[in-house]
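# Notes for the structure review
Each chain, letter by letter, is given below.
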Amino acid sequence: MDLFASAVRLAGAIRARDLSPTEVATAYLDRIDRLDPEINAIIWRDDEAVLAAARAAERALLSGAPTGPFHGVPLPVKDLTSVAGQPNTMGSRGVSSVPRTVNDLVVDRLLEAGFILMGRSNTPEMGTLPATENARYGATANPWDLTRSPAGSSGGAAAAVAAGMAPVAHGNDGGGSLRMPASACGLVGLKPSRARIPQHLQSWWEYCTTEGVITRYVEDAATILDALSVPDPLAWFQAPAPARPFAAELGREAGRLRVGLLLDAPTGLPVDAECVNAALVAADLLEKLGHDVFPVQPFLLSPQGGHAYVEKIIPTSLYVHPFDEPELAEPYNRHRWLRVRDIDAGDYAQAVALLQTESRQVVAQWRRDFDVLLTPTMAGPPPPLGAVLEDANRHPETAMPSALAMVSFTSVASVTGQPAISLPVHTSADGLPIGAQLIGAPFDEATLIRLAHSMETATDWTAARPPRYAI
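Everything quoted here is computed from the prediction, not taken from an experiment. (Residues numbered from 1 in each chain as written. Predicted model: local features only at pLDDT ≥ 70, side-chain atom pairs only at ≥ 80, totals over all residues. Heavy atoms only, no water.)

## Points about the sheet that holds strand β2 (residues 74–78)
If you trace the 3 strands from one edge of the open sheet to the other, you get β1-β3-β2, paired in mixed fashion. Whereas interior strands pair on both sides, the edge strands pair on one side only; in this sheet they are β1 (42–44) and β2. The mean inter-strand angle of the sheet, taken between neighbouring strand axes irrespective of direction, is 60 degrees. Looking at chain direction, β2 and strand β3 (residues 116–121) are connected through 4 bridges and run parallel. Bridge pairing in β3 places V77 opposite R120. (Pairing = 2+ DSSP bridges. Helix = DSSP H or I, 4+ residues; strand = E, 2+ residues; numbered from the N terminus. Axes fitted to C-alpha atoms, helices over the stretch in contact; angles between N-to-C directions.)

Here is the structure:
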C-alpha cells in the first residue's frame, strides 16, 4: 500500500475492494507509532475507536449501504476543532481535556464524506502563533528538517501528511494557517473563500477563519472542498454556489490569465531570496503555461488596517473560545487575554469598519488590474524549532519579526475572505520546501484549482518526499 497516495485514489481502492478500511487505518496507525515520536504531529489518539470505525466502514461496503466519496479513508482533526467524545484542548494547558459533546460542523461534513477520524493534530495554543509549539504538548518538527518548524497553526496536520502518516489532514486558516504549513512541508494548502465551508460560528476573528484540509494533491483539495462546502441552511450567510463541482475544474482550461506578481512583503519586512525564488519559479511555470505574468504593487491594507487586525481582532478570539484556567495559558496569550479587557467596544467596531472598507479597495483590484495575484507564501523559510514560541513568550507585548515574516503575504486574503492556495514549487539550497501563493478573486476557487492542477501536471512535486521518511 502506498502511504503517499491521494485520498481520492485510496477511496477508489476501498470501493473496488482492493484495500479494506481496516488495512488502510492499520497501515497509517503503524506508521504513526514508528515515526511520530520524533515529529510530534499527533497529540491525541484512540486507536480502538479508529479501528472500530474502519470495521464499520467494511460492513457498510459489504451491505451495499450508501457511502461517501472518501469512505474508509483516515484523517486527523486539528486540535482547535471539537469532535463529540474527544477532548479539544486547543493546544493549551489552560483548557480542560473533558471530552466535547458536540461536533463542529466541519466534522459532520467529514463524517458524511466517509472519512474515519484518526486522532488529533498539534497546534499552537488557540492557533494564535504561526508555529506549531506549545507548553502542553511540545513542538512539532518539520519532517524535512527536524530542527525546523512546520509553521502553523495547522503544523501538526502538515507534518503528518508530509511524513506519510496521513493521506490528508484537516486544518483551518485565519491568517495563513493552512498555507504556511503547506509551504513549510512541501504540500498543497487551499484556503477556501469566506463562508464556503459551514461553521457554527460563521468564522471567528470577524469572519476571517475558514475550515479546510492540507493535501499533497490538488485533486484531493478540490474533491474534499466539494464534500465540505455543502450549503448550510441555518447559517447567517454563505458563499455563492460554484458553477460546477470543484473537482470538475481539474484539467479544465483556465484561459489566458493576467497574473500579477508581488515580491515585496506588504508588511515592509525583507523577503528571503529563496522565497522570492519560489514566486519566480511559479511565475516562469505560469508563463510557460500561456499566462501573462507582470509585476504589480497592489494595495493590500493600510498600516492602520493591519494594526486593527493584529491588535484588535485577533486578540478577541481568546474570548470566543475562552480559557478554563487563564493563569495556565502561554505568557503571550495571557498578555493578549488581559489586554483585550482594555479594548473599548467602540474602538473594536471602528477596527471592523476599517477592515471592511479597506477590503473593498483590495478586492476591487482583482479582474480590474489582474485575475490572480502571485506571491511568495512566506517572507522567510521555516524558522528554527521553538524560536517563535520562545520569542512570543519573552516579548509578549511586541510584534515579533519572525512571526510577521511568516504571515506577511497570507493574512490579507483572510481579512478580505478571498480564496488562496500555497503550492510546493521550490526547494531551497538547504533542501527545505518553499511555497508560492496564488490569491484569487472573491469566491473564485475554481480558477485557483484549474491553475494549480495545470502547474502540478507540469511538475513532479507530488513525488517529493522528506528524505528521512521517503519509505
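## Some details on the packing of aromatic side chains
Enumeration over the complete set of coordinates arrives at 2 aromatic pairs. When the centroid spacing of 4.9 Å and the interplanar angle of 75 degrees are considered together, the rings of W366 and F370 count as edge-to-face. Overall, the relative accessible area of 5% leaves W366 in the buried class. (Phe/Tyr/Trp six-rings, centres within 6.5 Å; stacked < 30°, edge-to-face > 60°. Buried < 20%, exposed > 50% of the residue type's maximum accessible area, 1.4 Å probe, protein only.)

## Things to note about the pairing of strand β8 (residues 210–215)
Where a strand is regular, its side chains alternate between the two sheet faces. Of all 6 residues in β8, 6 are buried, a share of seventy percent or more. Residue alternation in β8 divides its side chains into two sets, T210, G212 and I214 and E211, V213 and T215, and both sets are buried. Looking at chain direction, strand β6 (residues 169–173) and β8 are connected through 5 bridges and run antiparallel. Along β8, the bridge assignment pairs A169 with I214. Where strand β7 (residues 188–191) lies against β8, 2 bridges are found, and the strand directions are antiparallel. Across the sheet, residue V188 finds its bridge partner in β8, namely T215.

## So, the environment of P74
You can see P74 is positioned in strand β2. Since its relative accessible area comes to 0%, P74 is described here as buried. The spatial distance from the C-alpha of P74 to the C-alpha of G119 is 9.3 Å, given a sequence separation of 45 residues. Not counting residues up to four positions away in its chain, the partners in contact with P74 are V24, A25, Y28, I116, M118, P167 and V168. (Contact = heavy atoms within 4.5 Å.)

## Some thoughts on the packing of helix α8 (residues 218–228) against helix α16 (residues 445–457)
At a closest axis distance of 9 Å, the pairing of α8 and α16 adopts a crossing angle of 155 degrees. Considered as vectors, α8 and α16 are oriented roughly antiparallel to each other. As for how α8 packs across α16, the hand of that crossing is left-handed. Residues V218, A222 and L225 of α8 form the contact with α16, whose own contacting residues are E445, I449, A452, H453 and E456. In terms of residue class, the contact of α8 with α16 is built from 5 nonpolar, 1 polar and 2 charged. (Parallel < 35°, antiparallel > 145°, perpendicular 65-115°, else oblique. Left-handed = near helix turned anticlockwise from the far one by under 90°. Nonpolar A, V, L, I, M, F, W, Y, C, P; charged D, E, K, R; others polar.)

## A few points about the nonpolar core
Counting 79 residues, the largest nonpolar core has F115, L374, L423, L438 and M455 as the members making the most contacts within it. Residue contacts for L438: discarding those within four places in its chain leaves L286, V372, L373, L374, P419, A420, I421, L423, L448, L451 and M455. C208, V296, L355 and A405 belong to the second-largest nonpolar core, a separate cluster that totals 26 residues. (Core = buried A, V, L, I, M, F, W, Y, C linked by side-chain atoms within 4.5 Å.)

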